[in-house]
Amino acid sequence: MPIDPDTDAEITDEATEKRYRELVDTVVRQWNDLEAAGDRSVQLSAEVLTGLKDAVRADARHGPQVEMPPTDAGPWTTSELALRTLVRHAVDAVPDALSLRTSFDYADGEGRTRGRPDRITCRISASTRTPNLPALGEAVRTAVATACQDELALAAPAIDVHIEDLHER
Amino acid sequence: MNPVAAAELRTLVLRAQDGEVEAFERLVDLTQGRLFRTAFMLLGDRQDAEDTVQESLLLAWRRLHMLEKPDAFGGWLTRICVRRATDLGRQRARRATDVTATEDLEKLPYAAGAAPAAYGTAASGTTGATAYGTSPEHTAIVDAQLGALTRVLGSIDPDLRACWVLREIDGLTYDEIARTLAITEPTVRGRLARARSLIIRRMDEWR
């Protein structure tokens, strides 16, 4: 077969190229069909998937700790994961709001523990049917502040709400 | 990856970055099949491919906060997986060179005559190179084609193989392949052409 000087590869005739393309397409199509049918033989096994998800959950539990207002029994901390989960649930509970990502500014902490959050920034998505976006933002702010107060006795962190996406619902 | 709206994917990535484990688990469900196919085609071994995908997804979870653009999640994850697979492939190739004389060739990935690796193992609930085999629900033709393709891929250089798999199986653009493998686009074109040429030469056993 002739050689392409640019790639150092053989130049193939049209019939060979067509046959090659058909074989590649067949393998890809068959694999896709099996995957679409939920066939486990072309995916991770159930054991591996379960192991992976368990590892992720274990990993999530070992995140940083955050200082909270002391109680009568003494100082206490919570995990940042728990804090994020609390905020996410508070946002999701507001009709037409969907939490995307939350970030926190912390006061200085001691050692490896983060200080109390003094600013919470909520990035959210709003339903396209929301009649009043500023009102939705305010409802989210109130919901997060209430959750922080009720669940953590964490009063008056600044709460910024950014509506950065819209979703159908 | 299963078809899923870009907006839904973006939401899942952001929520996973926020620490929502359920969102990441959904991303795992959506991406693992595609990643497994890529890793399997690169490594030719079910267990190695499973290990690679599992490690890649766990690493992705740990580094997810570093991903600045949620829309780039798919390409970012593919890069992690392909790099791990190619690293593993190179390590294994070095080991195989050292010990082939005393190994059972049938148990080596990509060994001539090895059964089609992706099939049967999960369906039967077992894993591992020695558990390869055909599964009753799959046709002999499918097995034969994949098995032959696996052998052909195993016979070409890992760098050529990676370019070929990303282009012909995953459908990535030259630019995406270049970024994934950290090489230039002309290098991608050259490797791809040589890989095609080698595969076409051995195509008859793949039919």
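Everything numeric here is computed off the predicted structure, so don't read it as measured data.

1. Looking at the overall build of chain A
Helices and strands together make up the secondary structure of chain A, namely 4 helices and 7 strands. In sequence order, the secondary structure elements of chain A are arranged as β-β-α-α-β-β-α-β-β-α-β. At 26 Å, chain A has a C-alpha radius of gyration far larger than the 15 Å of a compact globule built from 169 residues. Taken over 169 residues, chain A has a buried fraction of 24%. Across chain A, contacts joining residues at least 24 apart in sequence account for 56% of those joining residues at least 6 apart.

2. Regarding the interface of chain A and chain B
Taken together, the contacts link 45 residues of chain A with 47 residues of chain B. The set of elements that each furnish at least two residues to the side of chain A that touches chain B consists of strand S2 (9–10), helix H1 (14–36), helix H2 (46–61), helix H3 (80–92), strand S5 (97–106) and strand S6 (117–127) of chain A. Tallying contributions element by element places H1(A) first for the side of chain A that touches chain B, with 11 residues. Of the residues belonging to the side of chain A that touches chain B, the class tally is 18 nonpolar, 14 polar and 13 charged.

3. Focus on helix H7 (residues 174–181) of chain B
Residues and elements named next belong to chain B. The set of residues buried in H7 consists of Ile177, Thr180 and Leu181. Down the axis of H7, the buried set is contained in an arc of 80°. They therefore lie on one face. Positive backbone phi, approximately 55°, marks alanine 182, located one or two places after H7.

4. Some thoughts on unusual backbone geometry
Residue and element names in this part refer to chain A. Non-glycine residue aspartate 96 carries a positive phi angle of around 75°. Within the chain, alanine 153 stands out as a residue other than glycine whose phi angle is a positive 55°. As for its placement among the helices and strands, alanine 153 is situated in the loop between helix H4 (133–152) and strand S7 (158–167).

5. A look at the packing of H3(A) against H4(A)
Residue and element names in this part refer to chain A. Contact geometry for H3 and H4: axes closest at 9 Å, N-to-C directions at 135°. Compared by their axis directions, H3 and H4 come out oblique. Once H3 is placed against H4, the crossing between them reads as right-handed. In contact with Leu86, Val87, Ala90 and Val91 of H3, H4 contributes Val140, Ala143, Val144, Ala147 and Glu151. Residues belonging to the contact of H3 with H4 are distributed by class as follows: 8 nonpolar, no polar and 1 charged.

6. Digging into the confidence of the model for chain B
Residues and elements named next belong to chain B. This prediction gives chain B a mean pLDDT of 78; 72% of its residues lie at or above 70. When the criterion is pLDDT under 50, residues 99–137 qualifies, and its contacts beyond four places in sequence or with other chains add up to 76 contacts. Reported confidences for the modelled complex are a pTM of 0.75 and an ipTM of 0.73.

7. Details of the environment of Gly190(B)
Residues and elements named next belong to chain B. If you trace the backbone, glycine 190 turns up in helix H8 (residues 185–201). Judged by C-beta crowding, with 19 C-beta atoms within 10 Å, glycine 190 ranks as partly exposed. Counting along the chain gives 110 residues from glycine 190 to isoleucine 80, while the straight-line C-alpha distance between them is 23 Å.

8. Some thoughts on the sheet that holds S6(A)
Residue and element names in this part refer to chain A. One open sheet accounts for 3 strands, arranged S5-S6-S7; its pairing is mixed. Looking at strand neighbours, the two that pair on one side only are S5 and S7, the edges of this open sheet. Strand-to-strand, the axes of this sheet are offset by a mean angle of 20°, without reference to chain direction. One ladder, built from 9 bridges, connects S6 with S7; its direction is parallel. Residue pairing for S7: cysteine 122 is matched across the bridge by valine 161. Of the strands in this sheet, S5 and S6 are in contact with H3, which crosses S5 at around 145°.

9. Remarks on the environment of Gly44(B)
Residues and elements named next belong to chain B. Looking at the secondary structure, you find glycine 44 in the loop between helix H2 (21–43) and helix H3 (46–63). Since 26 C-beta atoms lie within 10 Å of it, glycine 44 is described here as buried. For the pair formed by glycine 44 and leucine 77, sequence separation is 33 residues and the distance between their alpha carbons is 20 Å.

10. As for H2(B)
Of all the bends in H2(B), the greatest, near 45°, is centred on Thr31(B). Of the residues trailing H2(B), Gly44(B) is marked for its positive phi of about 70°.

11. A look at the domain arrangement of chain A
One can read the domain layout of chain A as domain 1 (3–42) and domain 2 (64–167). Once you take the C-alpha centre of each, domain 1 of chain A and domain 2 of chain A turn out to be 50 Å apart.

12. Here's the deal with the pairing of strand S3 (residues 65–71) of chain A
Residue and element names in this part refer to chain A. Across 5 bridges, the pairing between S3 and strand S4 (residues 74–79) is antiparallel. When the sheet's bridge partners are listed, methionine 68 is paired in S4 with tryptophan 76. The antiparallel pairing of S3 with S4 creates a hairpin that spans 2 residues between the two strands.

About the criteria used
Residues numbered from 1 in each chain as written. Chains lettered and ligands numbered in written order. Predicted model: local features only at pLDDT ≥ 70, side-chain atom pairs only at ≥ 80, totals over all residues. Helix = DSSP H or I, 4+ residues; strand = E, 2+ residues; numbered from the N terminus. Rg over C-alpha atoms; globule rule 2.2 N^0.38 Å. Buried ≥ 20, exposed ≤ 12 C-beta atoms within 10 Å, placed from the backbone. Contact = placed C-beta atoms within 7 Å. Nonpolar A, V, L, I, M, F, W, Y, C, P; charged D, E, K, R; others polar. Arc of directions from axis to C-beta. Axes fitted to C-alpha atoms, helices over the stretch in contact; angles between N-to-C directions. Parallel < 35°, antiparallel > 145°, perpendicular 65-115°, else oblique. Left-handed = near helix turned anticlockwise from the far one by under 90°. pLDDT = per-residue confidence, 0-100. Pairing = 2+ DSSP bridges. Bend = angle between axes of the 7 residues up to and from the residue. Domains from an automatic or database assignment.

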